[in-house]
Amino acid sequence: MGSASSERYVSSTVIQSVKILVVGAFGVGKTTLIGSVSEIAPLRTEETMTAASVGVDSLAGLDSKSTTTVAMDFGRITLTPEIVLYLFGTPGQKRFWNLWEGLSDGAVGALVLVDPRRLEDSFEVFDQLELHTKVPFAVAVNQFPGSPQYSEEQLREALDLLPETPIVFCDARERKSAAQTLVKLVEYAIEVRNKSEVA
């Protein structure tokens, strides 16, 4: 994987570029994850939250959150010398979900970030993903300090996930941990593609 330094250009060894969506409910750490793994300065469309969001965006459990993504986040990570991932982070609030369909065009998979303190906030995210994007996805459980510890089986049942859907535990702030979630997603997307080609 490329370093987190300012590598402006894609390596000449890269032969495949892959588009990945990073989705999830409001405040689950999408912007943080993309920022921690991106080898270029990530593009962010964050705005300061104002009084207009009171009663619209629930800040329960998000005491330190003061900004929100209003269009998308964008980053790049060289996964292997031959493969580069382009990461497109979607806004978490429902009022911005009309952007998802356009952002998902050409994506090979989606990483769904969830907050174990607020699992119920993810239910509509999965519905949106399955209805409007039709891409394979993996689930990354962002381990916030003091968050409850659930087993993979408990999460699979709570989130109503298929047995084959990958679940990865991560700390979105840590580059190596966040990168492993993307590796797992790419492996799963390749597996799904290979199965569809055989069928």
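Residues numbered from 1 in each chain as written. Predicted model: local features only at pLDDT ≥ 70, side-chain atom pairs only at ≥ 80, totals over all residues. Heavy atoms only, no water.

1. Some words on the overall build of the protein
Line of reasoning, step 1. Looking only at helices and strands, one finds five helices and eight strands in the protein.
Line of reasoning, step 2. Taken from N to C terminus, the helices and strands of the protein fall in the order β-α-β-β-β-β-α-β-α-β-α-β-α.
Line of reasoning, step 3. Taken over 199 residues, the protein has a buried fraction of 49%.
Line of reasoning, step 4. Sequence-distant contacts in the protein: of pairs separated by 6 or more residues, those separated by 24 or more amount to 74%.
Line of reasoning, step 5. Split by element, the accessible area of the protein, about 10,100 Å² in all, is 54% carbon and sulfur. (Helix = DSSP H or I, 4+ residues; strand = E, 2+ residues; numbered from the N terminus. Buried < 20%, exposed > 50% of the residue type's maximum accessible area, 1.4 Å probe, protein only. Contact = heavy atoms within 4.5 Å. Areas by Shrake-Rupley, 256 points an atom, 1.4 Å probe, with all protein chains shown as cover.)

2. Looking at the packing of helix H1 (residues 30-37) against helix H5 (residues 175-198)
Two quantities define a packed helix pair, namely the angle between the axes and the distance from one axis to the other.
Line of reasoning, step 1. Closest axis-to-axis distance for the H1/H5 pair is 8 Å, and the angle between their directions is 105°. With respect to their mutual orientation, H1 and H5 come out roughly perpendicular. Between H1, through Leu 33, Ser 36 and Val 37, and H5, the contact on the second element is made entirely by Arg 175, Ala 178, Ala 179, Thr 181 and Leu 182.
Line of reasoning, step 2. Residues belonging to the contact of H1 with H5 are distributed by class as follows: five nonpolar, two polar and one charged. (Axes fitted to C-alpha atoms, helices over the stretch in contact; angles between N-to-C directions. Parallel < 35°, antiparallel > 145°, perpendicular 65-115°, else oblique. Nonpolar A, V, L, I, M, F, W, Y, C, P; charged D, E, K, R; others polar.)

3. Concerning H5
For an α-helix, the turn length of 3.6 residues means that residues three or four places apart are oriented alike.
Line of reasoning, step 1. In a regular helix each residue adds 1.5 Å, so 24 residues correspond to 34 Å; H5 covers 35 Å between its end C-alpha atoms and thus fits that length.
Line of reasoning, step 2. Along H5, the residues classified as buried are Ala 178, Ala 179, Thr 181, Leu 182, Leu 185, Val 186, Tyr 188 and Ala 189. (Expected span 1.5 Å × (residues − 1).)

4. Structural notes on the nonpolar core
Within soluble globular proteins, side chains that are nonpolar tend to cluster in buried spots.
Line of reasoning, step 1. With 47 residues, the main nonpolar core has Leu 85, Leu 87 and Val 139 as its most contacted residues.
Line of reasoning, step 2. For Leu 85, the residues in contact, after removing those within four places along its chain, are Val 18, Ile 20, Gly 75, Arg 76, Ile 77, Leu 79, Leu 182 and Val 186. (Core = buried A, V, L, I, M, F, W, Y, C linked by side-chain atoms within 4.5 Å.)

5. Digging into the pairing of strand S7 (residues 137-142)
Line of reasoning, step 1. Counting buried residues along S7, six of its six residues qualify, which places the element largely inside the surrounding structure.
Line of reasoning, step 2. Going residue by residue along S7, you find Phe 137, Val 139 and Val 141 tucked away on one face and Ala 138, Ala 140 and Asn 142 tucked away on the opposite face as well.
Line of reasoning, step 3. Here five bridges tie strand S6 (residues 109-114) to S7, and the two strands are oriented parallel to one another. Bridge assignment links Leu 113 to a residue of S7, and that residue is Ala 140.
Line of reasoning, step 4. The handedness of the S6 to S7 crossover, carried by helix H3 (residues 123-132), is right-handed.
Line of reasoning, step 5. A crossover connection joins S7 to the parallel strand S8 (residues 167-170) through helix H4 (residues 152-158); in handedness this β-α-β unit is right-handed. (Pairing = 2+ DSSP bridges. Right-handed = clockwise from strand over helix to strand, strands pointing away.)

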